[in-house]
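Notes for the structure review
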Amino acid sequence: QVQLVESGGGLVQAGGSLRLSCAASGRTFSSYAMGWFRQAPGKEREFVAGISWDGGNTYYADSVKGRFAISRDNAKNTVYLQMNSLKPEDTAVYYCAAVMWGSGSSRNERSWNYWGQGTQVTVSS
């Protein structure tokens, strides 16, 4: 089992940047594919980005491709989401997710087994 704790959210102006971090407990972090989802008010939770257990493969929603970058440091049990050129429509609660032996590519939240508590990102216009 793995526990996930997100950090790095906040308020930023449009065009700005933020980096989210997700720290995972446990000694088997490298066995997990990791992902980021987000949920805006009144909307369903949606896939943002995913990364394979070794960092060799990354996946992105079309809406963030070219602006966001997911990465991981297995030595630090941490996954990151670098968010650049932020837009007001990126405003949401961002959640870190994990699935053991997954590819990191699934956009279906039911494919992911573990979730963090979420961190708020607000982009002002």
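Data block above holds the structure.
Keep in mind the model is a prediction, meaning the values are calculated, not measured.

Turning to the packing of aromatic side chains, a few remarks are in order. Summed over the entire model, instances satisfying the criterion amount to four aromatic pairs. Their ring planes at 80 degrees and their centres at 5.5 Å tell us that Phe-37 and Phe-47 sit as a pair that is edge-to-face. With a gap of 10 residues between them, Phe-37 in strand β4 (residues 32–39) and Phe-47 in strand β5 (residues 46–51) connect regions that are remote in the sequence. On the basis of relative accessibility, which here comes to 0%, the residue Phe-37 falls in the buried class.

The next point concerns the state of the cysteines. According to the stated counting rule, one finds one disulfide in the structure shown. Between the sulfur of Cys-22 and that of Cys-96 lies a disulfide, 2.1 Å long from S to S. Measuring handedness by torsion sign, the sulfur bridge of Cys-22 and Cys-96 sits at about -80 degrees and is left-handed. Linking Cys-22 in strand β3 (residues 18–24) with Cys-96 in strand β9 (residues 92–100), this pair joins segments that are 74 residues apart in sequence. Residue classification places Cys-96 among the buried residues on the basis of a relative accessible area of 0%.

This brings us to the side chain of Thr-78. Among the structural elements, Thr-78 can be located in strand β8 (residues 78–83). Of the polar contacts made by the side chain of Thr-78, one reaches the backbone oxygen of Lys-76; its length is 2.8 Å. Those residues within four positions of Thr-78 in sequence are excluded, and the remaining contacts are Ser-21, Cys-22, Ala-23, Phe-29, Arg-72 and Asp-73.

Once that is clear, we can look at the pattern of salt bridges. Taken as a whole and judged by the stated rule, the model has five salt bridges. The closest approach of N and O atoms between Glu-109 and Arg-45, which form a salt bridge, is 2.9 Å. Linking Glu-109 in the loop between β9 and β10 (114–115) with Arg-45 in the loop between β4 and β5, this pair joins segments that are 64 residues apart in sequence. Between Lys-65 and Asp-62 there is a salt bridge; the shortest N-O distance is 3.2 Å. Across the pair, exposure class does not vary: Lys-65 and Asp-62 are exposed alike.

Criteria and thresholds
Residues numbered from 1 in each chain as written. Predicted model: local features only at pLDDT ≥ 70, side-chain atom pairs only at ≥ 80, totals over all residues. Heavy atoms only, no water. Phe/Tyr/Trp six-rings, centres within 6.5 Å; stacked < 30°, edge-to-face > 60°. Helix = DSSP H or I, 4+ residues; strand = E, 2+ residues; numbered from the N terminus. Buried < 20%, exposed > 50% of the residue type's maximum accessible area, 1.4 Å probe, protein only. Disulfide = S-S within 2.5 Å. Polar contact = N/O pair within 3.5 Å; in protein donor to acceptor, adjacent residues only side chain to side chain. Contact = heavy atoms within 4.5 Å. Salt bridge = Lys/Arg side-chain N within 4 Å of Asp/Glu carboxyl O.

Just geometry here; none of it tells us what the structure is for.
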